[in-house]
Amino acid sequence: LERRLAPDVLAGYRMLMEESLTLLAHHGNPSTSVPSPGPSPTPNPNLNELSSARAIIDRMDLQMLDLLNQRTTQVLAIGAYKRQHNLTVTDSSREARVIEALERANGGPLPNRSLTSIWTAVFSESKRLQTPGAQAGP
C-alpha cells in the first residue's frame, strides 16, 4: 500500500492509523468516549462499545476534516495558478488517474464504487472553489 500512495497521502494515512490505534488501546476509558446526551436508564455493555466506536469515528472525522482543509488550501493555490495562466479548471484525465490510483491502493473494506463516489464529490467541490468568485471558508 505504501508504495502506491503519494507522500502527503501516506502521511495522512499514517496519522489516521496511529490515532486509531491509540484510541483502540484506550478502549473502555471514559475519557475517550463521546459524552452521551443523557444518562442511560440501564447499563448496557454494548452501549459502551458503541460509544467507544463512535468516539473513534468522531476523532477520525476531525482528522479527515483537517486533511480536507489542507487539500483545499492546495486546490485554491492551483486555482489561482490556473487563472493566472488561463487554464481550464477541469482536468478530467487527472481526475481519472487519481481515482484509478486510489482504487489500486484501496485495500477495503470501502468498496471502489463508494471511493469513486466520495472522490467525485471532492473533485466537484474543488472545481467549484477554483472558479472565479467562489467563496472559501467555513
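Remember, it's a predicted structure, so these values are computed and weren't measured experimentally.

Engineer: Can you walk me through the pattern of salt bridges in this structure?
Structural biologist: Where charged atoms from two side chains of opposite charge approach closely, those side chains can pair. What the rule picks out here adds up to two salt bridges. Here E95 and K127 are joined by a salt bridge, their closest N and O atoms 3.2 Å apart. Separated by 32 residues along the polypeptide, E95 in helix α3 (residues 92-105) and K127 in helix α4 (residues 112-130) bring together distant segments of the chain. Here K127 falls in the partly exposed class, since its relative accessible area comes to 24%. One salt bridge in this structure joins E125 and R128, with 2.9 Å as the shortest N-O distance. Here the residue E125 and the residue R128 both occupy positions in helix α4, the gap between them amounting to three residues, near one helical turn. The exposure class assigned to E125 is partly exposed, which follows from its relative accessible area of 39%.

Engineer: Explanation requested: the confidence of the model for the protein chain in the structure shown.
Structural biologist: Detail in the predicted coordinates should be disregarded across regions flagged by low pLDDT. Taken as a whole, the protein chain shows an average pLDDT of 80; of its residues, 67% reach a score of 70 or greater. Here residues 27-38 is a poorly scored stretch, pLDDT under 50, and it has twelve contacts once near neighbours within four places are set aside; other chains count.

Engineer: Where do I start with α4 in this structure?
Structural biologist: Because each turn of an α-helix spans 3.6 residues, side chains separated by three or four positions end up pointing in the same direction. An ideal rise of 1.5 Å per residue puts 27 Å on 19 residues; α4 measures up with 26 Å between its terminal C-alpha atoms. Within α4, burial applies to L115, V122, F123, S126, L129 and Q130. Take α4 and look down its axis: the buried residues cluster within an arc of 120°, on one side only.

Thresholds, definitions, all that
- Residues numbered from 1 in each chain as written.
- Predicted model: local features only at pLDDT ≥ 70, side-chain atom pairs only at ≥ 80, totals over all residues.
- Heavy atoms only, no water.
- Salt bridge = Lys/Arg side-chain N within 4 Å of Asp/Glu carboxyl O.
- Helix = DSSP H or I, 4+ residues; strand = E, 2+ residues; numbered from the N terminus.
- Buried < 20%, exposed > 50% of the residue type's maximum accessible area, 1.4 Å probe, protein only.
- pLDDT = per-residue confidence, 0-100.
- Contact = heavy atoms within 4.5 Å.
- Expected span 1.5 Å × (residues − 1).
- Arc of directions from axis to C-beta.

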